[in-house]
Amino acid sequence: MSRQNGNEFWNTPLTGSLVKSPDVKLPEMLLGYFIGPFGALLSSGIFTSFLNKYLTDVLRLDTGFLSILQLVSTLLIVAANLIVGQLIERTRALAGKARPWILLSALTLSVSSVLMFIVPFEGPAKMAWIAIAYNLYYAVAYPIYNTANSTLVPVSTRNSQQRGALASFTNVAGLGVMGVGSMIFPVLVSNVMKEDQNMWFLVMLGVAVFSALTIYLQFRFTRERVTEETMGQASAAQAKTASMGAQLRAVTSEKWWWLVILFYLAFQCSGAMKNGSMSYFCQWVIGASGSIDWGMAQTILAVLGAIPMALAAAVVVPLANKFSKRLVVMAGMIIGVAGGVIAGMGGGNIVPVAVGVALKCLGSAPAAYLILAMLADVIDHIEFKSGIRTDGLTMSIYSSVMVAATPVCNAIFMAMLGSAGYVAPSGEPAADALITQTAAVQSTIGVSYIWIETAAYAVCAVLMLLWTVEKNLPEEQKAIQERWKQAQ
């Protein structure tokens, strides 16, 4: 396809961007950075909370097999994210470099999200099917979408405040799907879906259709203004993308880049461990007393965690604009540590656990909402120093951490459960009602759900003490724009 024909394709009524303003407006924020990502990530939010439980309690797969599968898949996931990042960096289309991949995801992400719920085999063939389906989702479809979606924020605009708002909307969407996975789904699973594989398939099919529609909506209501700057350069030589080696040298030589990546690694991995163990904590620690249904307990914890995060969404960006991202995020991490201690000391009592979880979620809000804006600031700083954009590489690494954290932490958690002596339900109500987990299993679950994340937040607070890239960023962005003007 010639470049002219390619441009014609991206100018059709079905593929052209509906965003025309040079500034970010509310429809772009709402449809392109909230509703679109919400639908796209919905299956992921459900998987984070319940995929382990589906695989162990519905499909009756061995925890050892699942641990090995998720660890091995991590290698494919990381490789896929790096490859997709470079493909995005080298994409030259009128639609931009990330948006074409968003459009492709409307098909790939929605289709792959239901394959693990179509299991036509038994025995070894069933394990092979799950291994293939698992990797089609996590090592193919999800990297394509998530890397492209993450790249949209730094290329959307150079306006730091508008970029902060877009990052906040995107991460609110991500947290929203986590809320669906931990608030609505527990009730559906415990009261409707249970161990019925057909019900799981029908529900996930509905999720897949919804995802396809909202991803397309995101594609239509986004625009890459920073990418358009590079497309306006005077010569093809100037527009040539830096090699992966050059990008790698640029990012690894920058201390701010290392700080924000280490921060996100601790933040995301500890959160994945918490999310993967949440349903187990509610069922076998809180629910073990028999005073409350475990699905209802999970819904209560999820709601009390979501409320402070929802309220924080209205104030995080204004506070960051006034006091800096660094101070707001650091204060949040300290609040999160205090909440974790309260929850941990509460044991299996839902009241102190709920209070602690609410505080911990409130403290996590600034980091969750601002991480993409923090990465975008570092990308601009690196461009100022090196003269090259590193969106593709940085966001592929960011996406690798986001996607790989779940299978790695799930694999670790599965191994921990297995070594502690976890007893999976048999599917027989009378027999399952008699199952109790040992103190070792309950302790393992408690550490995974509360204490690992609490310790990680303490580390993240220390890292924020050292992160001061924002100080000279406005001057650096002006210098970058002057370079582009001189190059045209």
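On a predicted model such as this, the values are computed, not experimentally measured, just so you know.

*Asks:* An account of the nonpolar core is requested, with residue identities and associated values reported.
*Replies:* Of all hydrophobic cores here, the largest spans 137 residues; its most connected members are Y54, W200, F263, L301, I445 and W467. The greatest single-element share of this core, amounting to 18 residues, is contributed by helix α15 (residues 350-386). Setting aside anything within four residues of it in sequence, one finds L301 in contact with M278, C282, I286, I350, V353, A354, V357 and Y449.

*Asks:* Give a description of the side chain of S270 that names residues and reports values.
*Replies:* Position of S270 relative to the elements: it lies in helix α11 (residues 255-286). Classification of S270 by relative accessible area gives buried; the value is 3%.

*Asks:* Please provide a residue-by-residue account of the packing of helix α5 (residues 124-156) against helix α16 (residues 391-420), values included.
*Replies:* At a closest axis distance of 8 Å, the pairing of α5 and α16 adopts a crossing angle of 135°. When the interaxial angle is binned, α5 and α16 end up oblique. As α5 packs across α16, the resulting crossing turns out to be right-handed. Contacts from Y134, Y138, Y142, P143, N146, T147, S150, T151, P154 and V155 in α5 reach D391, M395, S396, Y398, S399, M402, V403, T406 and P407 in α16.

*Asks:* I'd love a proper account of α16, names of residues and values included.
*Replies:* Relative to the 44 Å expected for 30 residues at 1.5 Å per residue, α16 spans 42 Å between its end C-alpha atoms, a close match to the ideal helical length. In the segment just after α16, G421 is the residue with positive phi, at about 95°.

*Asks:* Could you give an account of the packing of aromatic side chains, with specific residues and numbers?
*Replies:* All told, the structure shown has 19 aromatic pairs when counted by the stated rule. Taken together, a centroid distance of 5.0 Å and an interplanar angle of 45° make the contact between Y54 and W200 tilted. Pair noted here: Y54 is in helix α2 (residues 26-58) and W200 is in helix α7 (residues 197-220), with a separation of 146 residues, a long-range link. Across the pair, W200 and Y54 agree in class, each one buried. Centroid distance F117 to W200: 6.2 Å. Interplanar angle 5°. Geometry classified as stacked. Taken together, the residues F117 in the loop between α4 (99-112) and α5 and W200 in helix α7 connect sequence positions 83 residues apart. One exposure class covers both F117 and W200, and it is buried. In this structure an aromatic cluster arises from ring pairing among F47, Y54, F117, Y134, Y137, Y138, Y142 and W200.

Rules used in this analysis
Residues numbered from 1 in each chain as written. Predicted model: local features only at pLDDT ≥ 70, side-chain atom pairs only at ≥ 80, totals over all residues. Heavy atoms only, no water. Core = buried A, V, L, I, M, F, W, Y, C linked by side-chain atoms within 4.5 Å. Buried < 20%, exposed > 50% of the residue type's maximum accessible area, 1.4 Å probe, protein only. Helix = DSSP H or I, 4+ residues; strand = E, 2+ residues; numbered from the N terminus. Contact = heavy atoms within 4.5 Å. Axes fitted to C-alpha atoms, helices over the stretch in contact; angles between N-to-C directions. Parallel < 35°, antiparallel > 145°, perpendicular 65-115°, else oblique. Left-handed = near helix turned anticlockwise from the far one by under 90°. Expected span 1.5 Å × (residues − 1). Phe/Tyr/Trp six-rings, centres within 6.5 Å; stacked < 30°, edge-to-face > 60°.

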